[in-house]
Amino acid sequence: MLKIEHLSVNYGGIEAVRDISFEVPDGQIITLIGANGAGKSTTLRSIAGLLKPRSGSITYNGEELIGKPTDQIVGRGITLVPEGRHVFPDMTVLENLKIGAYLRKDNLNEDIKWVYDLFPRLEERSWQAAGTLSGGEQQMLAVGRALMSKPKVIMMDEPSLGLAPIIVQGIFDIIKEINRQGVTVLLIEQNANMALHIADIGYVMETGRITMSGPGKQLLQDENVKKAYLGK
């Protein structure tokens, strides 16, 4: 279990996250929704070790993660798919996938096959430079690269951003399949409707604070959530 307690983070001189607490139970899909600037990405970057919180605690299976370098956090089974994909454009699809397994010393073939089974398009483009892929294919590659570390928890920051609706549906189907195969998911999404449809638990963030939480299906029916995030 991943547990965040009383987390506060300053980012660029701004208090981006203010005393938030939430849990990510094993085997579930948890989503954070909210407007741009609400503190969602800052939260994920803090969990990943990319930002140092001002105060609070982040524990995984009872072990404190704050202060540990990112590679050790990845080694414990927590990985991040960053907003904007950030694939290595001049490297092939296969080389990008192998980069995701840089901490591993075992054979990668079985997990490369697993990623290709999830994303057949990547196998078709295995030797193609990642920078020549479409936006949707690059997002598939970013997720596949993260899966190559064999994570127990995968954090995804805006996986549907900038993608065509038909591609977005495919990405959400893959998120559900990854979870079905035993990987816990912590998801940030502007597409609150789709995120809440697949989430076990949702949290609403506003100006650095968590203002509402509950089962995803329940939040979908909340009038305040409908007005603010679902366009209804």
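Residues numbered from 1 in each chain as written. Predicted model: local features only at pLDDT ≥ 70, side-chain atom pairs only at ≥ 80, totals over all residues. Heavy atoms only, no water.

Caption draft 1: A look at the overall build of the chain. A count of helical and extended segments in the chain gives 10 helices and 10 strands. For 232 residues, the compact-globule formula gives about 17 Å, and the C-alpha radius of gyration of the chain, at 17 Å, lands near that figure. The principal-axis extent of the C-alpha atoms belonging to the chain is close to 45 × 40 × 30 Å. Here the chain holds 232 residues, and the buried ones make up 50% of them. Counting contacts in the chain only where the partners sit at least 6 residues apart, residues at least 24 apart contribute 64% of the total. For the chain, the computed accessible surface area is about 10,800 Å², with 49% contributed by carbon and sulfur atoms. Side-chain charges in the chain split into 25 positive and 27 negative, and the spacing between the mean points of these groups amounts to 2 Å. (Helix = DSSP H or I, 4+ residues; strand = E, 2+ residues; numbered from the N terminus. Rg over C-alpha atoms; globule rule 2.2 N^0.38 Å. Buried < 20%, exposed > 50% of the residue type's maximum accessible area, 1.4 Å probe, protein only. Contact = heavy atoms within 4.5 Å. Areas by Shrake-Rupley, 256 points an atom, 1.4 Å probe, with all protein chains shown as cover. Lys, Arg positive; Asp, Glu negative; His and termini not counted. Charge placed at Lys NZ, Arg CZ, Asp CG, Glu CD.)

Caption draft 2: Molecular detail of the packing of aromatic side chains. Tallying each qualifying case throughout the model produces one aromatic pair. Ring centres of Phe22 and Tyr203 lie 5.3 Å apart, and the angle between their planes is 50 degrees; this geometry places the pair in the tilted category. In this pair, Phe22 sits in strand β2 (residues 14-24) while Tyr203 sits in strand β9 (residues 201-206), placing the two residues 181 residues apart along the sequence. Comparing Phe22 with Tyr203 shows no difference in burial state: the two are buried. (Phe/Tyr/Trp six-rings, centres within 6.5 Å; stacked < 30°, edge-to-face > 60°.)

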